[in-house]
Amino acid sequence: MNRFILLLSLILPMHTSAAVENVVNIYSFRQAELINPLINAFTQQTGIKINVVSGKANVLMQRLIDDGQHSFADVLLTTDVARLEQAKQLKIIQPIQSEILINNIPKSLRDPEHYWFGTSIRARAIFYSKSRVNPSKLTTYQDLTHKKWQGKLCSRKGSHFYNRSMVASFIHHHGQAWANQWTEEFVSNLAMRPQGGDRDQLRLIAKGSCDVTIANSYYYGMLSSSEKANDRDVYQKVGIIFPNAENTGTHVNISGAAVTSAAKNKQNAIKFIEFLTTSIAQQFYAELNHEYPIRADMSPSPLLSSWGKLVADKQAILQLPKFHQQAKTIIKDNRW
Ligand code: FE
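Residues numbered from 1 in each chain as written. Predicted model: local features only at pLDDT ≥ 70, side-chain atom pairs only at ≥ 80, totals over all residues. Heavy atoms only, no water.

## A short note on the environment of Gly-256
Note the following rule: In this text, helices come from DSSP runs of H or I with a minimum length of four residues, and strands from runs of E with a minimum of two, each type numbered from the N-terminal end. Two residues qualify as a contact provided that any one of their heavy atoms is within 4.5 Å of a heavy atom in the partner residue.
With respect to the element layout, Gly-256 can be found in strand 9 (residues 252–260). With 107 residues separating them in the primary sequence, Gly-256 and Trp-149 have C-alpha atoms 35 Å apart. Excluding residues that lie within four positions of it along the chain, Gly-256 makes contacts with Leu-76, Leu-77, Thr-78, Leu-84, Phe-117, Gly-118 and Thr-119.

## Structural notes on the domain arrangement of the protein
The condition that has to hold: Domain delimitation in this document rests on an assignment produced automatically or drawn from a domain database. When two parts are brought into contact, each loses some accessible area as probed by a 1.4 Å sphere; the total of that loss over both is the buried area.
Here the protein is partitioned into domain 1 (9–121 + 253–306) and domain 2 (122–250 + 310–333). Contact residues are listed per partner, giving 24 residues for domain 1 and 21 residues for domain 2. Between domain 1 and domain 2 lies a buried interface of about 1900 Å² when both sides are counted; carbon and sulfur atoms form 65% of it. A per-residue breakdown of the area domain 1 buries against domain 2 is headed by Ser-108, His-290 and Tyr-292, which together make up 27% of the total.

## Some details on the coordination of the iron ion
Spelled out, the test is: Counted as coordinating are nitrogen, oxygen and sulfur atoms within 2.8 Å of the metal, or 3.2 Å for Na, K and Ca, while water is not included, which may make sites look incomplete.
Protein ligation of the iron ion involves Tyr-162 (OH), Tyr-218 (OH) and Tyr-219 (OH), the donor distances falling in the range 2.0 to 2.1 Å. Along the chain, the residues donating to the iron ion fall in the pattern Y-x55-Y-Y.

## So, the nonpolar core
This is how it is decided: Here, nonpolar core refers to any group of buried Ala, Val, Leu, Ile, Met, Phe, Trp, Tyr and Cys residues whose side-chain atoms link them within 4.5 Å. Between buried and exposed lies partly exposed: a residue is buried under 20% and exposed over 50% of the maximum accessible area for its type, with that area taken using a 1.4 Å probe on protein chains only.
Counting 94 residues, the largest nonpolar core has Leu-77, Phe-127, Val-212, Ile-254, Phe-272 and Trp-336 as its most contacted members. Take this core: its biggest share by element is eight residues, from strand 5 (residues 116–129). In terms of domain composition, this core takes at least three residues from each of domain 1 (9–121 + 253–306) and domain 2 (122–250 + 310–333). Not counting the four nearest positions on each side in its chain, Phe-127 is found in contact with Leu-202, Ile-205, Asp-211, Val-212, Thr-213, Ala-215, Asn-216, Ser-217, Tyr-220, Val-238, Gly-239 and Ile-240.

## A short note on the pairing of strand 2 (residues 49–54)
To keep things clear, this is the line we draw: Should DSSP find at least two bridges between two strands, the strands are taken to pair. With its strands directed away from the observer, a crossover is right-handed exactly when the path from the first strand over the helix to the second travels clockwise.
Two elements, strand 1 (residues 23–28) and strand 2, share six bridges in a ladder whose sense is parallel. Note on strand 2: the bridge partner recorded for Asn-25 is Asn-51. You can see the chain leave strand 1, run along helix 2 (residues 32–46) and come back into strand 2, and the turn it takes is right-handed.

## Quick look at the state of the cysteines
To be explicit about the condition: Whenever a pair of cysteine sulfur atoms sits within 2.5 Å, that pair is classed as a disulfide.
This structure, assessed with the given rule, holds one disulfide. Bridging Cys-154 to Cys-210, the disulfide has an S-S length of 1.9 Å. Of the two residues, Cys-154 sits in strand 6 (residues 153–154) while Cys-210 sits in the loop between helix 8 (198–207) and strand 7 (212–216), which places them 56 residues apart along the sequence. Summarising the burial analysis for this pair, Cys-154 and Cys-210 share the class buried.

## Section: the side chain of Asp-211
How we decide: Side-chain atoms alone can form a polar contact between residues adjacent in sequence; in general such a contact is a pair of N or O atoms within 3.5 Å, and within protein one must be able to donate a hydrogen while the other accepts it.
By the secondary structure assignment, Asp-211 is in the loop between helix 8 and strand 7. In terms of polar contacts, Asp-211 uses its side chain to reach the side chain of Arg-132, at 2.5 Å. Discounting residues that sit within four places of it in the chain, Asp-211 has contacts with Phe-127, Tyr-128, Ser-129, Arg-132, Val-133, Lys-152 and Ile-205.

## Focus on the environment of Ser-301
Along the chain, Ser-301 turns up in the loop between strand 10 (292–293) and helix 13 (302–306). Sequence separation between Ser-301 and Asp-67 is 234 residues, and the spatial gap between their C-alpha atoms is 38 Å.

## A word on the packing of aromatic side chains
Defined as follows: Between the rings of Phe, Tyr and Trp (Trp by its six-membered ring), a pair exists once the centres lie within 6.5 Å; its type follows the angle of the planes, with under 30 degrees stacked, over 60 edge-to-face, and the other angles tilted. Only lysine NZ and arginine CZ atoms are considered, and such an atom sits over a ring when it is within 6 Å of the ring centre and within 35 degrees of the ring normal.
Applying the stated criterion to the full structure yields 13 aromatic pairs. What links up through ring pairs into an aromatic cluster is the set Tyr-141, Phe-170, Trp-178, Trp-182, Phe-186 and Trp-336. Over the aromatic face of Phe-161 sits the side chain of Arg-83, whose NZ or CZ is 4.3 Å from the ring centroid.

## Remarks on helix 10 (residues 229–237)
What counts, and what does not: Arc definition: directions from the helix axis to the C-beta atoms.
Along helix 10, the residues classified as buried are Asp-231, Val-234 and Tyr-235. Within helix 10, the buried residues cover an arc of 100° as seen down the axis, which keeps them to one side. Facing away from the buried side of helix 10 by over 90 degrees, the exposed positions are Ala-229, Asn-230 and Gln-236. Check the buried side of helix 10 and you find it contacts helix 8, helix 9 (217–224), strand 8 (238–241) and helix 13.

Put into structure tokens, the structure is as follows:
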């Protein structure tokens, strides 16, 4: 009898908590504080509580790999199509069925086998010094390889996923030889060894250390609303160009979501990802990081619209992962 009671006391609390707890556990590249209003709205609407663990994309991925089926994460929110594809290959995410996601997200921005779904779009644009550069002469990525930019460009390291995906898009559109030549000439135009992140390149332009760079457009948006007066000044001094509007479109990538293979709360996880694609959540989610909505029926925020029209190279997204290895080699060979 005593043993029975002991057993009950061990088992019952677990059972009751499992039955009562209506949760979804999220691994996110975005900090919980940032997405709090979104989390609250979801919980209010569904009664499902959200727990968020935030961290760098590669750290969260490694944790999912290490924890395997013991992981308590239900949803992975991360950036870059190549990383989402990697998660699929590593079998740490699983396919899901959802009419809502299929209806809300264009075909070119989600996995054909339904393992992952794009939740927002980010553009890799050209930035220039408003006082030293005439932007009308700078309309394509290829323009950056011209000799006249010798010693005028700056850049973060080529090995970063953002640059690797961009070179992958060059291989997709123009072939390996073209991409290699582009990289060689781009690197030979650099004013200094690559250092820092995208935002640092914009700051270097404002400081006069270089004239032109390539960066993700949301960093520019962040500078515009920064608490630091210096960064708001950088925003004023630097202009943005969406290259290749006339041909391939500007290189874009996505933030995306997937249900983990180990998900204990799979239905809640699906509900949460569906919620991210509702128009209200989309507006909030995209504007939060100055990204573009994933939905074709929604317009960008007023700030993003003020930068001009983005012709996005959405059709290349699903092709990028397969050129990542080649891109990595090209970047390494050219010491970018
Ligand atoms: Fe980023």
